[in-house]
Every structure is written in C-alpha cells, then in structure tokens.
Amino acid sequence: NHIYGEGLPERFPVESLTSFYKRSSYDQLNIGGNVIGWYTTPYPRTDITDARAVIKEALTHYETQGHDFSQYDNDGDGYIDYFSVVWTGEVGEWASLWWGWQSSFSDASYTLSGKQLAAFSWQWLSWNNETDDFDPLTLIHETGHGLGLPDFYDYDGNIGPVGGVGGLDMMDATWGDHGAFSKFALGWIEPKVIA
C-alpha cells in the first residue's frame, strides 16, 4: 500500500511511491510493480559487506520459488528496468552500506528469468522497525535517481555556494516535489522560452 497503492492520505504528498510520481508527473508516469516479500539471510547482518551479493542471493531464492522476473523488462531491452530493496535493522551513517542509496549492476553474467539487472535502490524500512510503519520517502528520492536525476544538495560545503537548492526539492532535502528543472529533464513539462 505504501509503495504501489494509495498509501496513507495523512502522509500527503508522500503517501506512496505510485501516488507521488503520478501526481508529480502530471499523470504521465504510473509506477507499478510487486512486493515480493522478506528474505532472511542464513548469516547475521554484520557479515554483509556487499549489497549486490546479498541482493543476488535473495533474488535467486525467489526465482527458484517460481517468481518470473522477465515481467519487469518493460521496454524489452533485456534488462530489469528498476527494482528496490527494502531492508530492516539499524540505519547506518550517511553514505555507508546501511544508508539509502541508488546504484546499478554491471555483472552481465548474472540473469534472472533471462534478464540482466540494471538500476536499483537500497533503503531502510524505517528509522525504528519496532514502532514505525514503512515510510516511502527515501524510496521516492532514490527512485528519482533511478529515473536519472542527481542529488541537488551539497556534497562539499567548501565548493561553491552553500545550500543546494534550499531544501525545496525531493532531490535536495527529500522534501516537497520535484522542481521544474527535474520535470523538464524527465519530459513532464515543456518550458516556454521567452526571448
């Protein structure tokens, strides 16, 4: 419900991944998919040092259970277009393994249902797994990267003016909507050029 459903209305405008992107794109992007379920590793979380290795392990498990991954190649190019991994447990330091981030696979030898993996996001279930429900906010931000958008916040406050875009963008402070530049870059709006 918090990913592909309508989500919680009281969390507007980040009630769900699908609702956010449908609204942000002016009904031009409808993100759908499946939530496969939880995978539990046979070893402790402290042994995980490579996200891609544990992702392969989990996805291979679900393929052997009969899940058809070929359905996620929407454009028929041989790649699973995008997928998200939501994990539980304590959130780590910024830019660490146990933080929210987006990346891609480059291992052409690994396939699922005849398809290679491409872009993916990796994020926590919640700040407090014992009391909090899943919050789609980080997933929304990381999906922006999956669509090709960069971060708009400062990585280094010593270079250029400080402040990113002032926290007023989903790709800056994980707040609000995507700005006009992002919507233009994604083809959701056409700018009017005034000479």
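Located above this text is the structure these notes cover.
On a predicted model such as this, the values are computed, not experimentally measured, just so you know. (Residues numbered from 1 in each chain as written. Predicted model: local features only at pLDDT ≥ 70, side-chain atom pairs only at ≥ 80, totals over all residues. Heavy atoms only, no water.)

K.L.:
Any chance you could break down helix H3 (residues 137-146) for me, citing the residues and the numbers?
P.N.:
At 3.6 residues per turn, the α-helix brings residues three or four places apart onto the same side. With eight of its ten residues buried, H3 lies for the most part within the structure. Summarising the contacts, the buried residues of H3 are in contact with helix H1 (17-24), strand S1 (79-87), strand S2 (101-104) and strand S4 (115-124). Among the residues trailing H3, Gly148 stands out with phi positive, at a value near 110°. (Buried < 20%, exposed > 50% of the residue type's maximum accessible area, 1.4 Å probe, protein only. Helix = DSSP H or I, 4+ residues; strand = E, 2+ residues; numbered from the N terminus. Contact = heavy atoms within 4.5 Å.)

K.L.:
Residues and numbers for the side chain of His2, please.
P.N.:
Mapped onto the secondary structure, His2 falls in the segment before H1. Given the relative accessible area of 13%, His2 is considered buried. Of note is the side chain of His2, whose polar atom sits 3.2 Å from the side chain of Asp133. Non-local contacts of His2, meaning those with residues more than four positions away in its chain, are made with Gly7, Leu8, Glu15, Ser16, Leu17, Asp133, Phe134 and Pro136. (Polar contact = N/O pair within 3.5 Å; in protein donor to acceptor, adjacent residues only side chain to side chain.)

K.L.:
Residue-level account of the pattern of salt bridges, with values.
P.N.:
Side chains that differ in charge, positive against negative, can pair when their charged atoms come close. What the rule picks out here adds up to five salt bridges. For Lys56, the salt bridge goes to Asp107, with nearest N and O atoms at 2.5 Å. A residue pair is termed long-range when its members are at least 10 positions apart, and Lys56 in helix H2 (residues 51-64) and Asp107 in the loop between S2 and strand S3 (111-112) qualify at 51 residues. With a shortest N-O distance of 2.7 Å, Asp177 and Lys183 are connected by a salt bridge. (Salt bridge = Lys/Arg side-chain N within 4 Å of Asp/Glu carboxyl O.)

K.L.:
Describe the environment of Asp151, and please don't skip the residues or the numbers.
P.N.:
Along the polypeptide, Asp151 turns up in the loop between H3 and helix H4 (180-185). Distance from Asp151 to His141, taken between C-alpha atoms, is 8.9 Å for residues ten residues apart in sequence. Leaving out residues up to four positions away in the same chain, Asp151 has contacts with His141, His145 and Met171. Looking at Asp151, its side chain comes within polar contact range of the side chain of His141, at 2.9 Å.

K.L.:
Which residues make up unusual backbone geometry, and what values go with them?
P.N.:
Pro13 follows Phe12 through a cis peptide bond whose omega is 10°. With respect to the secondary-structure elements, Pro13 resides in the segment before H1. Of note, the phi angle at Tyr26 is positive, near 55°, even though the residue is not glycine. Turning to its location among the elements, Tyr26 is positioned in the loop between H1 and H2. Of the residues examined, Tyr26 reaches a relative accessible area of 47% and is grouped as partly exposed. Residues other than glycine seldom take positive phi values, yet Ser113 does so here, at roughly 50°. You can see Ser113 is positioned in the loop between S3 and S4.

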